[in-house]
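The chain contents come next:
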Amino acid sequence: MQNAHGGDSWNGLLQQVINNGIGLGQGCWNIIILVLPGMGLEENAAEIGNKKDNDCQTWTLCKHAFYDLTHVSPVVFLFLLKECYFYGTCKATMKFRALQHQVYLVLHNDPKPGPATFIVQCLYVSPLFEDHSQGFTHLIISALRRFLKRSTTSEDSLEMKDSAAHLLVDIIRGHIYHDEKIVMKVLEIFDVKITNIEKALCEIKEKVDLSCGMAKEFVKQYILELVESQLYMTAVTLIENFSIFHYDQSFLLDMIKSNQFKAAEKFATFMGKPMLSILVEEFIERNMLKDAYEIIKKNNLKQDFPDVHKRCKESSLKSLAEKGCWDVAEARTNNDRQLMEYLVYLAMEAGYSEKVDELCDRYSLDKFLDIKVPETSILQGRYLRLDELLVEDVIWVDEIEGLLDATCHIEGVKVVGVDCEWKPNYVKGSKPNKVSIMQIASEKMVFILDLIKLHREVPGILDDCLTRILLSPRILKLGYNFQCDIKQLAHSNEELKCFKNYEMLLDIQNIFKEPRGGLAGLAEKILGAGLNKTRRNSNWEQRPLTPNQLEYAALDAVVLVHIFRRLPGQGHDKSEWKSCIVSHTENTKKSKKFAPKVEETEIATNKH
């Protein structure tokens, strides 16, 4: 049999099996390989002539569930698993899970000297897989963990631990290579103690320069090597498992300094309350309030740190406020008056006057009503305003006449910015709310379409007007991550055709490719001031919208036009942004890119 996937070592191993019948019953020359349904393997994969035994002329690879493992050695077992994996045609993750389940099943089939010891023996062999050693090792050891949790076995527990201890000693001495994750799994599954390590060392003391009574020093030396390599989690696992109290506060601080917070928590938990208190104090100093509070809660330290919970909650509210998630922040207060007052304070800092009024009215917080809300946000800095961009008018469109007028105006310009807004839905797993408004802006004028009302009252006219705009080859439509918006528009208005086809769409994001900050960051970079995103996640279904919501919506669309106007001044090659223009029709699977005529482009950059 030819093996296209294994190295020379496996070919040699297979030849040994052919010549000597390693691991098989006397006179048995049928290699039986595990083949899983759905893995893309044929029932009869290959036939190999065997000249050694005239009574059995062929070898057959066929479906089999290892009904009897009493005569199958770890070497053959792993070789067969390897062949199953490489002959499968489905994805690697699916093959891994399927084989893992099969190993779990076949461990019931009486491997000798017992399932756990058998897997330990397999771990001695698995490094032969070279590049695939780690994956197959995790496969068999995770299958064993599942087997031990769900099955009863008559295998001697002491023998199992002793076998695992021998393996650990050989790993530590460098005779067998396994990474630190396997070391942790072996400790966890087999519960190896220092007495087992001592016994393993005593059994080999005559062969090497090792003496009994040195097990703890032997383990300590290995832990030191792990610490020097900054493999802190493995080191802490050994410290905990073998009760090594050699390390102190400096070790904890080294882990924190290296951002190994999970390992630091595991070590502090093992060492007790004084070390946990030091860890909490370090987390507080680093403003890791949520992590600090979780440790306090898990270890009953609330009396030692009474203010951390409040600070943690306030930090969470501030983070949500900075993201504009005011409804989520309000829910997180759980009607706590102090936290609600803090949220009102954050809304005041953000210049979100309507949110201040809304919260004060809902929760009877009268003392805030007479306080003047600042015009600019302490949280965000200076923002663009419509008057700075010389916008002449923002027009709300919710009637047929206004829609027709807006369409006529838009058809008379060459470049427009397009955006849309919808009410956020914070229920996990639920569908997004329908798009509420759509903004279309020229350089001087912004139209805000009430899609909810227009779709309800004049869906046909709305569809026709937006089709004329979105499919016009004479109008360059600018968006920011607008592919996402257009999908949401299409899902919200499935019966309308206008959102399924478009021409001349230029996504500004694809030109600048700003990694951080989004449109607000791009506006700050190009125009010198950012966008106030405080109202991004406000209730866009309420009517009427507040003046601040209208300004927010208008700015998101018109700023695209002003950023586009700066393209030549930023040294961008026109051919570069022209190549980013896309169009899409419903019967085309992929968007097509094309460059508009030169004369149209020149007009577009000088006329609104």
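Here goes a summary of the coordinates provided. Owing to the predicted nature of the structure, the values given are computational and were not obtained by experimental measurement.

Cut-offs used in this document
Residues numbered from 1 in each chain as written. Predicted model: local features only at pLDDT ≥ 70, side-chain atom pairs only at ≥ 80, totals over all residues. Heavy atoms only, no water. Helix = DSSP H or I, 4+ residues; strand = E, 2+ residues; numbered from the N terminus. Buried < 20%, exposed > 50% of the residue type's maximum accessible area, 1.4 Å probe, protein only. Contact = heavy atoms within 4.5 Å. Areas by Shrake-Rupley, 256 points an atom, 1.4 Å probe, with all protein chains shown as cover. 1 Å grid on protein atoms, 1.4 Å probe; cavity = no way out; pocket = protein on both sides within 12 Å on 5 of 7 lines; lining within 4 Å. Points joined across faces, edges and corners; volume = space filled by probe spheres on them. Nonpolar A, V, L, I, M, F, W, Y, C, P; charged D, E, K, R; others polar. Pairing = 2+ DSSP bridges. Phe/Tyr/Trp six-rings, centres within 6.5 Å; stacked < 30°, edge-to-face > 60°. Lys NZ or Arg CZ within 6 Å of the ring centre and 35° of its normal.

**Quick notes on the overall build of the protein chain**
And then number 1: Within the protein chain, the secondary structure is distributed over 27 helices and 10 strands.
And then number 2: Among the 608 residues that make up the protein chain, the fraction classed as buried is 49%.
And then number 3: Long-range contacts, defined here as pairs at least 24 residues apart, represent 68% of the contacts in the protein chain between residues at least 6 apart.
And then number 4: Element-wise, carbon and sulfur atoms account for 49% of the exposed surface of the protein chain, whose accessible area totals about 30,700 Å².

**As for the layout of surface pockets**
And then number 1: The calculated volume of the largest pocket comes to roughly 570 Å³.
And then number 2: What lines the largest pocket is a set of 22 residues, and nearest its centre among them are Asp485, Lys533, Arg536, Tyr552 and Asp556.
And then number 3: Elements supplying a minimum of two residues to the lining of the largest pocket: β4 (415-422), α22 (482-492), α24 (518-527) and α25 (547-565).
And then number 4: Broken down by element, the residue count for the lining of the largest pocket peaks at five residues, all from β4.
And then number 5: Class assignment of the residues belonging to the lining of the largest pocket gives a composition of nine nonpolar, five polar and eight charged.

**Looking at the pairing of strand β5 (residues 435-441)**
And then number 1: Of all seven residues in β5, seven are buried, a share of seventy percent or more.
And then number 2: Here β5 runs beside strand β6 (residues 445-450); their pairing, made up of five bridges, is antiparallel. By the bridge assignment for β6, Ile437 is matched with Asp450.
And then number 3: Linkage of β5 to β6, two consecutive antiparallel strands, is achieved through a turn of three residues.

**Some points on helix α12 (residues 261-271)**
And then number 1: Among all positions of α12, only Ala263, Ala264, Glu265, Phe267 and Ala268 are buried.
And then number 2: Positive phi shows up at Gly272, right after α12, with a value of about 110 degrees.

**Some remarks on the packing of aromatic side chains**
And then number 1: Within this structure, the stated rule accounts for eight aromatic pairs.
And then number 2: Ring plane angle 80 degrees and centroid distance 5.6 Å describe the contact between Phe261 and Phe283, whose orientation is recorded as edge-to-face. You can see Phe261 sitting in helix α12 and its partner Phe283 sitting in helix α13 (residues 273-285), a full 22 residues away along the chain.
And then number 3: Through successive ring pairs, a cluster of aromatic residues spans Tyr232, Tyr247, Phe251 and Phe267.
And then number 4: In this arrangement the basic side chain of Arg146 is found over the ring face of Tyr104, its NZ or CZ atom lying 4.1 Å from the centre.

By themselves these figures say nothing about function.
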